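Next come the chains, spelled out residue by residue.
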Amino acid sequence: MNFIWYIIIGIVSGFLAGKIMNGGGFGLLINLLVGIIGGVLGGWVFGLLGIATAGILGSLITSVIGAVLLLWIVSFFRKPHKADI
């Protein structure tokens, strides 16, 4: 049952991070990947800072913050679009 929660939290956090950083989601698969990687990244950063979260809400917050951080880092490696210039 925990695995299903990880998938749900990954999808939701990836979607929310996409909304926060870019104004839209990226599709189910990409949202899931961004959310899962963001969860790992957020957990690592929170661990460095000595911040502990508990429960589903804590996992969601950690994952969203990590996913936003991931998208922010990825944005440095993207080529600028003509609309961004």
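Residues numbered from 1 in each chain as written. Predicted model: local features only at pLDDT ≥ 70, side-chain atom pairs only at ≥ 80, totals over all residues. Heavy atoms only, no water.

Quick reminder of the rule: UniProt positions are given in the numbering used here, feature names are shortened, and annotations may be inferred rather than shown by experiment.
Per an unreviewed UniProt entry, the protein goes by the name GlsB/YeaQ/YmgE family stress response membrane protein and belongs to Parabacteroides goldsteinii dnLKV18. Its UniProt record, at the heading Sequence similarities (unreviewed entry), says of the protein: "Belongs to the UPF0410 family." For the record of the protein, the UniProt heading Subcellular location (unreviewed entry) holds the text "Cell membrane".

## What about the packing of helix H1 (residues 2-22) against helix H3 (residues 55-75)?
Worth spelling out the cut-off: In this description, a line fitted to the C-alpha atoms serves as the axis of each element, helices being fitted only across the stretch in contact, and the angle between N-to-C directions of two axes falls anywhere from 0 to 180 degrees. Secondary structure is summarised from DSSP: a helix means a run of H or I of at least four residues, a strand means a run of E of at least two, and numbering begins at the N terminus for each. Angles are sorted into four bins: roughly parallel if under 35 degrees, roughly antiparallel if over 145, roughly perpendicular if 65 to 115, and oblique for all others. Crossing handedness: left-handed means the near helix sits turned counterclockwise from the far one by under a right angle, and right-handed means the same turn made clockwise. The contact criterion used throughout is that any non-hydrogen atoms of two residues lie within 4.5 Å.
Where H1 meets H3, the closest approach of the two axes is 8 Å, and the angle between their N-to-C directions is 45°. Here H1 is positioned oblique relative to H3, judged by the angle of their axes. Remark: the crossing between H1 and H3 carries right-handed chirality. Together, Trp5, Ile9, Val12, Ser13, Leu16, Ala17, Gly18, Ile20 and Met21 of H1 and Ile56, Ser59, Leu60, Ser63, Val64, Ala67, Val68, Leu71 and Trp72 of H3 make up the contact between the two elements.

## A few points about the side chain of Ser63
Our working rule: Buried means the residue's accessible area, taken with a 1.4 Å probe over protein chains only, is under 20% of the maximum for its type, while exposed means over 50%, and partly exposed covers the values in between.
With respect to the helices and strands, the residue Ser63 is situated in helix H3. What makes Ser63 buried here is its relative accessible area of 3%. Contact partners of Ser63, with chain neighbours within four places excluded, come to Ile9, Ser13, Gly35, Gly38 and Gly39.

## Topic: the nonpolar core
What counts is decided by this rule: Buried Ala, Val, Leu, Ile, Met, Phe, Trp, Tyr and Cys residues form a nonpolar core when they are joined through side-chain atoms within 4.5 Å.
Ranked by size, the top nonpolar core spans six residues in total: Ala17, Val34, Leu41, Ala67, Leu70 and Leu71. Where this core is concerned, the elements lending two or more residues are helix H2 (28-49) and H3. The biggest single contributor to this core is H3, with three residues. In this structure, Ala67 is in contact with Ser13, Ala17, Val34 and Gly38, ignoring residues within four places of it in sequence.

## Points about the UniProt feature "transmembrane region" (unreviewed entry) in the protein
Under the present numbering, the feature "transmembrane region" (unreviewed entry) in UniProt falls on residues 6-22, 29-50 and 56-77. What you have in residues 6-22 is 100% helix and 0% strand, and the ends, taken at the C-alpha atoms, are 23 Å apart.

## Here we look at H2
Just so we agree on the cut-off: By this rule, a helix spans an expected 1.5 Å times one less than how many residues it contains.
Over its 22 residues, H2 runs 31 Å from end to end, which matches the ideal 32 Å to within 8%, given 1.5 Å per residue. Within H2, burial applies to Asn31, Leu32, Val34, Gly35, Gly38, Leu41, Gly42 and Phe46. Here the buried face of H2 lies against H1 and H3. Directly beyond the C-terminal end of H2, a positive phi value near 75° is found at Gly50.

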